Amino acid sequence: MTVIDIPGSKSVTARALFLAAAAHGTTTLLRPLRSDDTEGFAEGLKALGYAVRQEPDAWHIEGRPAGPGRTEADVYCRDGATTARFLPALAAAGHGTFRFDASPQMRRRPLGPLTTALSELGAELTHGDREGHHPLTVTARGIRGGALRLDAGQSSQYLTALLLLGPLTAEGLAVTVTDLVSEPYVEITLAMMRSFGAEITRTEEADGARTYTVAPTGYRATRYAVEPDASTASYFFAAAALHPGAAVTVPGLGTGALQGDLAFAGVLRRMGADVTTTAEGTTVRSTGTLRGLTVNMRDISDTMPTLAALAPFADGPVRIEDVANTRVKECDRLDACAENLRRLGVSVATGPDWIEIRPGVPAGPAEIATRGDHRIVMSFAVTALRTPGITFDDPGCVRKTFPDFHAAFDAFRRTL
């Protein structure tokens, strides 16, 4: 049995940074993730005038309920989608002119539904290049609040950004969502907001939509422990399921975990792995069998590449459905997975929102086209366990969420 200490959750760390910045008082985040994305978020807060003090295992953030400490700022969001989507919403609650830009990769990713919503709430937004994309300038005069409708079928981060903003409005916020992808990430948001003192209710509408109503309570500073990253854990879980006789335990991802991506372990259970989840953590153990299956991964789409990379070793086809939103992540992940599996000689078919992988022994040597996407690298590291000769054209892009991934995964491989 191998015990793996997974770094803190990127999703939880980003939300905690927003909440801490908006809260009354000083918040301490315990074991936050240190990666390019989260460091970029912290640097963005500093650029906006928030005081952030970073120690190795604890970050201290002095909250500013009235908004950024500067009336003018330039923020570079790097490759971080949470930075690029959450910080403009935080800035909108303040007063001043705030300019946001991002990497070429992030500039390609859409913002439209969020920026439209912020405009409806009274923020003045202008795009420097393409509508609905970075670069973006926010001219903020505070947010009164009100009601709006939102399509979050492309990214749940649009809804999360607005929910996080809700307690900072003068009158509260009601967001009616007509479509929603990756709903478990919204549940993370709601649970964390409540930990910082927010009050939110959810009602189902007659037309199938749902409305989230957020009271204008503000936030209270707290001491908040960041749980391990469930998406990152998926690579180690998949590796254990693949290797006969292997078993891995990830402490801190147990029955009380916030992250929906822990459901990936349930997918491995359906494929034949032995999976145990207790209050303390989750263990995945190989049974020597990997069955094919059809699975809807709409709610855990960040783990789609993990399953795609594992799929050739199953005894039947693996079909992953309802993952159209993976086409607008760091890269088109459906296309990237298909391209790389074909490079390895695996038979693959794709559609607008699905991928089907047939059984077949991947053959190296082959260079994986990462497209600068950390999840493509970490997923195909699983394939490489059984396929000699796999290399990556940009192995360093894992710095986005797990800078030490290669060393950690190699150490784990040696225990198998």
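Preceding block: the structure.
Residues numbered from 1 in each chain as written. Predicted model: local features only at pLDDT ≥ 70, side-chain atom pairs only at ≥ 80, totals over all residues. Heavy atoms only, no water.

1. A closer look at the sheet that holds strand β4 (residues 58-62)
Thought 1: Strand order in the open sheet made by the four strands is β3-β4-β2-β13, with mixed pairing throughout. Two strands close off the open sheet at either side, each with one partner strand: β3 (51-55) and β13 (223-225). Strand after strand, the sheet turns through a mean of 15° between neighbouring axes, direction not considered.
Thought 2: In this sheet, β13 lies alongside strand β2 (residues 26-30) in parallel orientation, the contact comprising three bridges. Residue pairing in the sheet places T28 in a bridge with R223 of β13.
Thought 3: Together, β3 and β4 form the strand contacts of helix α2 (residues 36-48), whose direction differs from that of β3 by roughly 145°. (Pairing = 2+ DSSP bridges. Helix = DSSP H or I, 4+ residues; strand = E, 2+ residues; numbered from the N terminus. Axes fitted to C-alpha atoms, helices over the stretch in contact; angles between N-to-C directions. Contact = heavy atoms within 4.5 Å.)

2. Some words on the packing of helix α12 (residues 374-384) against helix α13 (residues 405-413)
Thought 1: Where α12 contacts α13, the two axes come as close as 11 Å, and the packing angle between them is 15°. Classified by the angle their axes make, α12 and α13 are roughly parallel. As α12 packs across α13, the resulting crossing turns out to be right-handed. Here V377, M378, A381 and V382 of α12 lie close against α13, whose contacting residues are F405, H406 and F409. (Parallel < 35°, antiparallel > 145°, perpendicular 65-115°, else oblique. Left-handed = near helix turned anticlockwise from the far one by under 90°.)

3. Examining the pairing of strand β14 (residues 247-251)
Thought 1: Among the five residues in β14, four count as buried, and that is most of the element.
Thought 2: As paired strands, strand β1 (residues 2-3) and β14 are joined by two bridges and run parallel to one another. Across the sheet, residue V3 finds its bridge partner in β14, namely T249.
Thought 3: The pairing of β14 with strand β16 (residues 281-285) spans five bridges and is classified as antiparallel. Along β16, the bridge assignment pairs V248 with V284. (Buried < 20%, exposed > 50% of the residue type's maximum accessible area, 1.4 Å probe, protein only.)

4. As for the side chain of S231
Thought 1: For S231, the position within the fold is in helix α8 (residues 230-242).
Thought 2: Among the polar contacts made by the side chain of S231, one reaches the side chain of D261 at a distance of 2.5 Å.
Thought 3: If we ignore the near neighbours within four places in the chain, the residues touching S231 are Y185, Q259, D261, D302, T303 and R375. (Polar contact = N/O pair within 3.5 Å; in protein donor to acceptor, adjacent residues only side chain to side chain.)

5. Remarks on unusual backbone geometry
Thought 1: Note the cis peptide between H134 and P135, where omega equals 5°.
Thought 2: Of note, P135 is situated in the loop between β7 (124-127) and β8 (136-141).
Thought 3: Going from G364 to P365, the amide bond is cis rather than trans, its omega being 0°.
Thought 4: Along the chain, the position of P365 falls in the loop between β20 (355-357) and β21 (366-368).
Thought 5: At R78, a position not held by glycine, the phi torsion is positive, near 55°.
Thought 6: If you check the backbone angles, S182 has positive phi at about 55° while not being a glycine.

6. Digging into the packing of helix α1 (residues 10-22) against helix α7 (residues 183-195)
Thought 1: Running from amino to carboxyl end, α1 crosses α7 at an angle of 40°, the nearest separation of the two axes being 10 Å. As the angle between them shows, α1 and α7 are arranged oblique. Relative to α7, the crossing made by α1 is right-handed. Between α1 and α7, the residues in contact are S11, V12, R15, A16 and L19 and Y185, I188, T189, M192 and M193, respectively.
Thought 2: Along the lines of polarity and charge, the residues of the contact of α1 with α7 split into seven nonpolar, two polar and one charged. (Nonpolar A, V, L, I, M, F, W, Y, C, P; charged D, E, K, R; others polar.)

7. Observations regarding the environment of T82
Thought 1: As for its placement among the helices and strands, T82 is situated in helix α3 (residues 81-92).
Thought 2: When the C-alpha positions of T82 and F41 are compared, they lie 7.8 Å apart, and in sequence the two are 41 residues distant.
Thought 3: Contacts of T82, omitting those with residues within four sequence positions, involve A14, F41, L87 and Q157.

8. Some details on the pattern of salt bridges
Thought 1: As enumerated under the stated definition, the model contains 35 salt bridges in all.
Thought 2: The closest approach of N and O atoms between D37 and K400, which form a salt bridge, is 2.9 Å. Remark: K400 occurs in the loop between β22 (390-392) and α13 and D37 occurs in helix α2; sequence separation between them is 363 residues.
Thought 3: On the basis of relative accessibility, which here comes to 3%, the residue K400 falls in the buried class.
Thought 4: Several salt bridges share partner residues, and in doing so they unite K10, D37, R109, D302, K329, E330, R333, D373 and K400 into one network. (Salt bridge = Lys/Arg side-chain N within 4 Å of Asp/Glu carboxyl O.)

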